[in-house]
Amino acid sequence: MSNQRSYRVDEPGATKPDFVDWLQRVQTHFGRFSWDAGGVILLALATMTLLALFNLTGGLLLTPLANTLWRWLGWGSVLLALSVGLAGLALLRKRQHQEERVRWGRVIAFEIAVFFFIILLAIFSGTSLEKAPAFGGYVGWSLATLFTRLVGDLWRNVLVGFGLLVSTILAFDLLTK
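The sections below set out a description of the structure shown in this document.

Before going further, it helps to examine the overall build of the protein chain. The number of helices and strands found in the protein chain is seven helices and zero strands. Reading the protein chain from its N end, one meets helices and strands in the order α-α-α-α-α-α-α. Taking 16 Å as the expected radius of gyration for a compact globule of 177 residues, we find that the protein chain reaches 25 Å, considerably beyond that expectation. On the principal axes, the C-alpha backbone points of the protein chain span a range of 95 × 45 × 35 Å. Counting every position in the protein chain, which comprises 177 residues, the buried fraction comes to 23%. For the protein chain, contacts bridging at least 24 residues in sequence account for 65% of all contacts bridging at least 6. Carbon and sulfur atoms make up 67% of the accessible area of the protein chain, which amounts to about 13100 Å² in all.

Another point: the packing of aromatic side chains. With the rule as written, the count across this model stands at six aromatic pairs. Grouped by ring-pair contacts, the aromatic residues Phe54, Trp70 and Trp75 constitute a single cluster.

Moving on, we get to the nonpolar core. One finds Ala52, Leu53, Leu62, Ala66, Leu69, Trp70, Leu73, Val78, Ala81 and Ile118 forming the largest nonpolar core, which totals ten residues. For this core, the secondary-structure elements that each account for two or more residues are helix H2 (34-53), helix H3 (62-73) and helix H4 (76-94). Here the element with the most residues in this core is H3; it accounts for five residues. If we ignore the near neighbours within four places in the chain, the residues touching Ala66 are Ala52 and Leu53. Within the second largest apolar cluster, eight residues are counted, among which are Ala113, Phe116, Ala122 and Ile123.

Before going further, it helps to examine the packing of H3 against helix H6 (residues 137-151). At a minimum axis separation of 2 Å, H3 and H6 run at an interaxial angle of 15°. Looking at the two axes, H3 sits roughly parallel to H6. Across from Trp70, Arg71, Trp72 and Leu73 in H3, the residues of H6 making contact are Gly137, Tyr138 and Val139. Here the residues of the contact of H3 with H6 are counted per class, giving five nonpolar, one polar and one charged.

This part is about unusual backbone geometry. Backbone geometry places Asn55, a non-glycine residue, at a positive phi of 55°. Within the chain, Asp173 stands out as a residue other than glycine whose phi angle is a positive 50°. Within the fold, Asp173 resides in the segment after helix H7 (153-171).

The rules behind the values
- Residues numbered from 1 in each chain as written.
- Predicted model: local features only at pLDDT ≥ 70, side-chain atom pairs only at ≥ 80, totals over all residues.
- Heavy atoms only, no water.
- Helix = DSSP H or I, 4+ residues; strand = E, 2+ residues; numbered from the N terminus.
- Rg over C-alpha atoms; globule rule 2.2 N^0.38 Å.
- Buried < 20%, exposed > 50% of the residue type's maximum accessible area, 1.4 Å probe, protein only.
- Contact = heavy atoms within 4.5 Å.
- Areas by Shrake-Rupley, 256 points an atom, 1.4 Å probe, with all protein chains shown as cover.
- Phe/Tyr/Trp six-rings, centres within 6.5 Å; stacked < 30°, edge-to-face > 60°.
- Core = buried A, V, L, I, M, F, W, Y, C linked by side-chain atoms within 4.5 Å.
- Axes fitted to C-alpha atoms, helices over the stretch in contact; angles between N-to-C directions.
- Parallel < 35°, antiparallel > 145°, perpendicular 65-115°, else oblique.
- Nonpolar A, V, L, I, M, F, W, Y, C, P; charged D, E, K, R; others polar.

Any link to function would need more than the numbers given here.
Now the structure itself:
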């Protein structure tokens, strides 16, 4: 019996595949479908959320999600679900129109417009904490209360109206070029 010892020498470039290598292989094989899969997932999530918000469906995850969104955002939760659906449509369109770029300024202006909208809804409720979930939610109520403490009732209404008008004009590019 020979007592030979075999030594294994690893080459410097040869390493065991890890999770990142696996992700890269998945991206190589299925990458062309990633935009479509993301768009379909976002559209499904938006549809399920909208149905749950209007009590047309429920479930172990959807009912608490809908209740939390209503409590925190009020009618802004519907805008959030619609925004997720629009993002899904944009991902589905991305594959056909790859030269289009995301206009982040318009996206941020739309988000600011939504915040001003839920503040306005909270103002309509009389900035009442009890009525907050039915209108602008706790987020709208807290922002309306903050604006009231900073500038007073009259200036709060003026600033919120002006902010909503300006951010909506910027978000939807309503100014003529």
